[in-house]
Structures are given as structure tokens and as C-alpha cells.
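# Understanding the architecture of this molecule
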Amino acid sequence: MQQTHTPKQHSSVPACPWYVVVHHLPPMTQQVPDLFALRLEVMAMPVNVPHVGENLEAALKSQIVPDQEFLLQGSVLDTSLVVVIDRLRGLCDNADIPPETFHDHEVVFVLKDFSAMSTPGPASQGVMLRVRRAMDYPDLPYQLRYVGFPELGNYPALLRNCLDIPVSNNVCEFLTELGAKLDHEFIAKGFIMKKGRIKVTVFKMYKMGTGMAKDNLEQMTMSHMVELSVLTTKTDMSVAEDLRTLADQLKPLVQLERIDYRRLGP
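Structural notes, computed from the coordinates. Each chain has its residues counted from 1, running along the sequence as written. Thresholds applied to this predicted model are a pLDDT of at least 70 for local features of residues and 80 or more for the giving and counting of side-chain atom pairs; totals over whole chains, interfaces and linings are not thresholded and use all residues. Where side-chain values are given, they derive from all heavy atoms of the structure, hydrogens and water being excluded.

### A word on a nonpolar patch on the surface
Filter applied, for reference: Nonpolar side chains (Val, Leu, Ile, Met, Phe, Trp, Tyr) are joined into patches within 5 Å and like charges within 9 Å, using only residues with over 30% relative accessible area and no salt bridge. Each accessible area value is a Shrake-Rupley result obtained with a 1.4 Å probe; residue values ignore everything except the protein chains displayed when judging cover. Salt bridge, as used here, is a side-chain nitrogen of Lys or Arg placed within 4 Å of a carboxyl oxygen of Asp or Glu. Elements are defined by DSSP. Helices are runs of H or I of four residues or more, strands are runs of E of two residues or more, and each kind is numbered from the N terminus.
On the surface, Val-127, Tyr-146 and Leu-163 cluster together into a nonpolar patch covering about 230 Å² of accessible area. Summarising the element assignment, Tyr-146 is placed in strand 4 (residues 142-147).

Right, dumping it as C-alpha cells:
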């Protein structure tokens, strides 16, 4: 009677999850080639798998994560909106199709120590977090955005830290539990276009009326905002020149400038 072959246990194998021990099956008949009659043992060396946090930290230190935003802003009167849209369609990509529209609700929270004594400077203003949702596409996830203070320097456009992440629809409750307070909210309706990496938005801001209804809106001004923005890194400054070039092509219809609203008085 043929005895069943039992693989021998190897006590010398280190207690590490990253190894492999492979044994061949015993020969079943005399016709099995000698290659399969050999016993093969393969032990893989321990593998160091870095944590995802380490990869992210390394990417940030290498400045390859697009966590910087160049921004130029301006405004145009409602009476001149059609002319500006036509000009942008000629300058941007896909000029043969109408620009994409959007209808967003944005809520702005401020997170800081409200019990501390207020001192002059940016630190006293706390961290501003923006929550935006698409009212025309309710199935899309909410977007949480952090926008930092503008950096000092002679840049062609305003440069600031910027991080966007998709979140669940209970993000407002979560921020409130953290101690953040509602600063303001508004509705933005307008158009969005692209020119390469540059995003162009033309939109009007509204206040939400009684009952927070989608169509119960009150316009804030008689003009539309125009924004040119692009996500980049500190090591890629050439795109800022492209941003300024596009802004110059919109003159004199729109005067796009570096605007830091936090430096403006109440």
C-alpha cells in the first residue's frame, strides 16, 4: 500500500506574512517526469510595503501633488454677459458646442477657537472650509474644499493652497460637531469651460430665499463673476503665465486681477 506523502514542516521560516513556501505534488505514476518528482522549495525574502500615508507624505515633500491653485477674478455686467461668453467660447476648447452649465449650493464654515481672544492677523480668522453640492445633479457626492491664505510673492496670479475631496452628504453635521460655525452660504449658477488645464467659470451669485427652495433665489448683484483657475504645484509655474495670457485676451471686456478678499475691510 502506497504511503501518503506529507510535506515536512519548516520551523526555520520566520514569523513574517511576506513569504511563500511551495512544495510539488508527489509522483502519481512511474511515467511522471523526474522534474515533477523533485521537491521544490521557494522562500521569498520579506517585502517592505510602505504605508499609504508614507507615500502621500513623500509625494507632498516631492511637490508632485497638485495642491496649489492659481486664481484670477473679475466681474462683468449682466448686459455684457453674452459678449463675454461668445469671446470665451472662441478662446476655449470645444468652441463648437455650448458651454456646460452648473447650479451649485455652497456653504462656508469657519473652524477656530471662538472662546480665545481675537488678535490681528490671519491666524485669528481660523480655517475656512467650503462645502459645495450640485443641485442639478443631486446624486453626485458633496465636495469639501480647503482654501488657504494667498502666498506672498510676485506671481502672475494669486497663489494659494487648495484641497478638494468628495464627501458624504452629512458633512455639514460633521463639521458642526467639530465646532465649526456657519459663516455664509450662497447659490452659484453659471457656465464652465476649459482651455487646456485652465478652468473658466462665469457665474452669478444668489441668496437663498424663504424655505431654502431651489428656485426661490434673490440675486446679490447685477453682474456675473468671472474666474480663471488652475491646480498645479509650486514646481510648475509656467501655467501661471498661461493664465495671465488668457486674462489679457479678455480685455477690455473683463479686468481679471489678483483679489484677496481677506485683506478687504468689512
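### Digging into the layout of surface pockets
The cut-off we apply is this: The way it works is a 1 Å grid over only the protein atoms, where trapped points that fit a 1.4 Å probe form a cavity and open points with protein on both sides within 12 Å along at least five of seven lines form a pocket, and then any residue with an atom within 4 Å of a point lines it. Grid points are joined across faces, edges and corners, and a volume is the space filled by probe spheres set on the points. Charged residues are taken to be Asp, Glu, Lys and Arg, nonpolar residues to be Ala, Val, Leu, Ile, Met, Phe, Trp, Tyr, Cys and Pro, and polar residues to be all remaining types, Gly included.
The volume enclosed by the largest pocket comes to roughly 1,400 Å³. Lining of the largest pocket is provided by 49 residues; of these, Glu-106, Arg-130, Arg-132, Arg-145 and Phe-186 occupy positions nearest its centre. Looking at the lining of the largest pocket, the elements that each hand over two or more residues are strand 1 (68-77), strand 2 (100-111), strand 3 (127-134), strand 4, strand 5 (158-167), strand 6 (181-195), strand 7 (198-208) and strand 9 (223-232). With seven residues, strand 6 is the largest single contributor of residues to the lining of the largest pocket. When grouped by side-chain class, the residues that make up the lining of the largest pocket number 22 nonpolar, nine polar and 18 charged. In this structure, the second largest pocket occupies an estimated 190 Å³ of space. Take the lining of the second largest pocket: its biggest share by element is three residues, from strand 6. Here the lining of the second largest pocket is composed, by residue class, of seven nonpolar, one polar and four charged.

### Focus on the pattern of salt bridges
How we decide: Only protein chains enter the accessibility calculation, which uses a 1.4 Å probe; a residue is then buried when its area is under 20% of its type maximum, exposed when over 50%, and partly exposed in between.
The tally for this structure, following the rule as stated, stands at nine salt bridges. Here Glu-106 makes a salt bridge to Arg-130, at a shortest N to O gap of 2.6 Å. Separated by 24 residues along the polypeptide, Glu-106 in strand 2 and Arg-130 in strand 3 bring together distant segments of the chain. Look at Arg-130 and you get partly exposed, because its relative accessible area is 22%. Taking the shortest distance from any N to any O, the salt bridge between Asp-248 and Arg-244 comes out at 4.0 Å. Remark: Arg-244 and Asp-248 occur in helix 5 (residues 238-249); sequence separation between them is four residues, near one turn of the helix.

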